[in-house]
Structure formats: structure tokens, C-alpha cells
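Structural overview
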Amino acid sequence: MFYQILVPIVRVIVALINGNTHFEGLDNLPKDESFIMVAPHRTWWEPILFALAVSPLPCAFMAKKELFKNPILSFILKHANAFPVDRKNPGPSVIKTPVRDLTARNLSLIMFPSGTRFSSDLKGGAVLIAKLSKKPLVPVVYQGPLTFGKFLLRQRSTIKFGKPISIDRKLKINDENIEAVNQQMQTAWQQIDYSIDPNFHYVPAKRKH
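Our subject in this report is the structure included herewith. (Residues numbered from 1 in each chain as written. Predicted model: local features only at pLDDT ≥ 70, side-chain atom pairs only at ≥ 80, totals over all residues. Heavy atoms only, no water.)

**Some thoughts on the overall build of the protein**
Going by this rule: Elements are defined by DSSP. Helices are runs of H or I of four residues or more, strands are runs of E of two residues or more, and each kind is numbered from the N terminus. Restricting the calculation to C-alpha atoms gives the radius of gyration, and the globule rule supplies 2.2 Å times the number of residues raised to the power 0.38.
Tallying secondary structure elements over the protein gives seven helices and seven strands in all. Helices and strands appear in the protein in the N-to-C order α-β-β-α-β-α-β-α-β-α-β-α-β-α. The C-alpha atoms of the protein give a radius of gyration of 16 Å, which matches the 17 Å a tight globule of 209 residues would have. Projected onto its principal axes, the C-alpha positions of the protein cover 45 × 45 × 45 Å.

Okay, structure coming up:
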């Protein structure tokens with residue numbers, strides 16, 4: 001209920017502060033099942049835009065555990081279907097929770113296979129979750145301002161979805177197969193980026209010390 005109330009409020013806020021956000025490729029989204037949105041991580045507000053793009057379908061997403069220390073923010077995140085992740089010491093819940101959300105709760109998952117905005121190296125979590133949940137991976141790309149200040153200047157932002165990537169139920173989870181699927185995602189992101197703007201080139205942000 002909280003999620004359904006929150007989405008239209010956030011939609012109005014985004015329209016007021018940007019008003020130049022465009023959603024493309026929505027016809028690529030699976031119609032009769034939940035799915036896993038996989039994206040290269042470029043800004044902290046991407047999950048918000050992804051959730052707005054697929055609404056009224058409800059979504060779940062991972063958030064670093066430090067965000068849950070604030071009681072007010074923790075309440076909002078939990079009721080917005082977010083679950084905490086310890087990036088340094090991830091436990092079994094990192095896989096079990098999203099699989100449960102995708103299957104038992106029928107929530108679609110927003111996921112960044114690189115884990116952070118400061119890396120372009122993909123991990124294997126998305127592939128494993130897709131196999132265990134029997135749900136497709138849907139590549140999605142955010143292309144737009146990379147600082148919130150420029151987002152507030154109403155520069156154009158585009159969210160575009162590509163065609164789903166299905167994971168064979170018999171796929172063996174090993175380094176070779178994970179790398180093959182990760183390469184499929186990378187290729188899909190490159191194709192989506194090119195279709196939005198052939199001259200676009202993204203450089204991962206550098207972590208501030």
C-alpha cells in the first residue's frame with residue numbers, strides 16, 4: 001500500500017524538478033511475469049526513474065546497509081521494497097531475498113551488476129538470481145545528466161529498455177557461463193546507448209576519498 005501511495009508522489013516531484021524524463025522501449029518488458037532490470041550504475045537516482053518507468057508494476061531493489069541506520073530513511077526504504085546489503089560481507093540473503101521478492105511477492109527487481117557507481121566490473125549475482133528465480137534479465141540504460149545539479153536544470157534524461165535475456169534453467173553457474181551472460185548484458189547496454197545517442201560515452205565516476 002505504501003509503495004502504491006509513494007509512486008505517484010515521486011512522479012510529481014520528478015516532473016517538477018526535471019520534467020524532461022523520457023521512457024523508451026517499454027514494449028520490451030515482459031507482460032505476464034516479474035523480471036530483473038539490470039543496468040550500468042551511473043547515478044543514485046536511477047532506481048527511482050526505473051521504478052517510475054515500469055509502474056504500476058511494483059519493484060524491489062538493493063540498498064547499502066548504511067542507509068538503513070537513519071530510522072526515517074529506513075522506514076521509507078523498507079516500505080518501498082528495498083532491502084539492506086552489506087557490500088563488504090554479503091550473506092545468503094543477498095540472493096535469497098531478491099529470489100523471494102521475484103517469485104513469492106511477484107516484485108520486479110532493480111539491480112546493478114557492478115554493485116557500485118565506481119566500477120564497471122560485473123559480478124555474478126544477477127545471473128544466479130535469474131537462474132534461481134527463473135526470471136528474465138531486462139537490460140536498461142539511463143542516459144542523461146550525471147550530477148543532480150544538472151538534473152535539476154531539466155536536462156533531458158532517457159530511460160530505455162532492451163530485449164529480455166533469458167537464462168537457461170540448465171545453465172551451470174561457473175565463471176565461464178557468468179562471463180558469457182555478463183557480456184550479453186554489456187553488449188545490450190552498448191546497443192541501447194548507441195540507439196539513444198551514437199556519440200554517447202560514459203566514464204565510470206571516481207570514488208571520492
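**Some remarks on the nonpolar core**
The following threshold applies: Side-chain atoms within 4.5 Å link the members of a nonpolar core, which is a set of buried Ala, Val, Leu, Ile, Met, Phe, Trp, Tyr and Cys residues. Relative accessibility decides the category of a residue: with a 1.4 Å probe and only protein chains considered, values under 20% of the type maximum give buried, values over 50% give exposed, and everything between is partly exposed. Every residue pair with non-hydrogen atoms within 4.5 Å of one another is taken to be in contact.
Among the nonpolar cores identified, the biggest contains 28 residues, and Met37, Leu49, Phe50, Ile110, Ile159 and Phe161 are the most heavily contacted of them. Apart from residues no more than four positions distant in its own chain, Met37 is found in contact with Phe50, Val54, Cys59, Ser108, Leu109, Ile110, Met111, Val138, Val140 and Phe161. Core analysis: the second largest hydrophobic core is formed by 27 residues, Leu102, Ala126, Val127 and Leu137 among them.

**Quick notes on the packing of aromatic side chains**
The cut-off we apply is this: Aromatic contacts are taken between Phe, Tyr and Trp rings whose centres are within 6.5 Å, Trp giving its six-membered ring; a plane angle under 30 degrees counts as stacked, one over 60 as edge-to-face, and the others as tilted. Only when the NZ atom of a Lys or the CZ atom of an Arg is both within 6 Å of the ring centre and within 35 degrees of the ring normal do we say a charge sits over the ring.
Counted by the stated rule, this structure contains eight aromatic pairs. Judged by centre distance (5.4 Å) and plane angle (40°), the rings of Trp45 and Phe151 are tilted. Of this pair, Trp45 sits in the loop between strand 2 (36–38) and helix 2 (46–54) while Phe151 is found in helix 6 (residues 148–152), placing the two residues 106 residues apart along the sequence. A residue is classified by how much of its surface remains accessible, and Phe151, at 2% relative accessible area, is buried. Linked through ring pairs, Trp44, Trp45, Tyr142, Phe148 and Phe151 together constitute an aromatic cluster. The ring of Tyr202 carries the charged tip of Arg42 above its face, separated from the ring centre by 4.8 Å.

**Remarks on the sheet that holds strand 4 (residues 82–85)**
What counts here: Following DSSP output, two strands are said to pair if at least two bridges run between them. Angles run from 0 to 180 degrees between N-to-C directions of axes, and those axes are lines fitted to C-alpha atoms, restricted for helices to the stretch in contact.
Pairing is mixed in the open sheet, where seven strands are placed in the order 1-7-6-2-5-3-4. Strands at the two margins of the open sheet, each flanked by one partner only, are strand 1 (21–24) and strand 4. Going across the sheet, the axis of each strand differs from the next one's by a mean of 25°, ignoring polarity. Note: strand 2 against strand 5 (residues 108–111), three bridges, orientation parallel. Within strand 5, the position partnered with Val38 by the bridge is Met111.

**What to know about unusual backbone geometry**
With an omega dihedral of 20°, the bond running from Ser55 to Pro56 counts as a cis peptide bond. You can see Pro56 is positioned in the loop between helix 2 and strand 3 (59–64). Residue Lys134 is not a glycine yet carries a positive backbone phi of 60°. You will see that Arg154, though not glycine, has its phi angle at about 65°, which is positive. With relative accessibility at 40%, the residue Arg154 sits in the partly exposed group.

**What about the side chain of Ser34?**
Threshold: Any N or O atom pair separated by 3.5 Å or less is treated as a polar contact, with the protein-specific requirement of one donor-capable and one acceptor-capable atom, and with residues adjacent in sequence counted only for side-chain atom pairs.
Tracing the sequence through the fold places Ser34 in the loop between strand 1 and strand 2. Note on Ser34: relative accessible area 2%, which makes it buried. Side-chain polar atoms of Ser34 contact the backbone oxygen of Leu102, separated by 2.7 Å. In terms of polar contacts, Ser34 uses its side chain to reach the side chain of Lys135, at 3.3 Å. Not counting residues up to four positions away in its chain, the partners in contact with Ser34 are Leu102, Asn106, Leu107, Ser108, Lys135 and Pro136.

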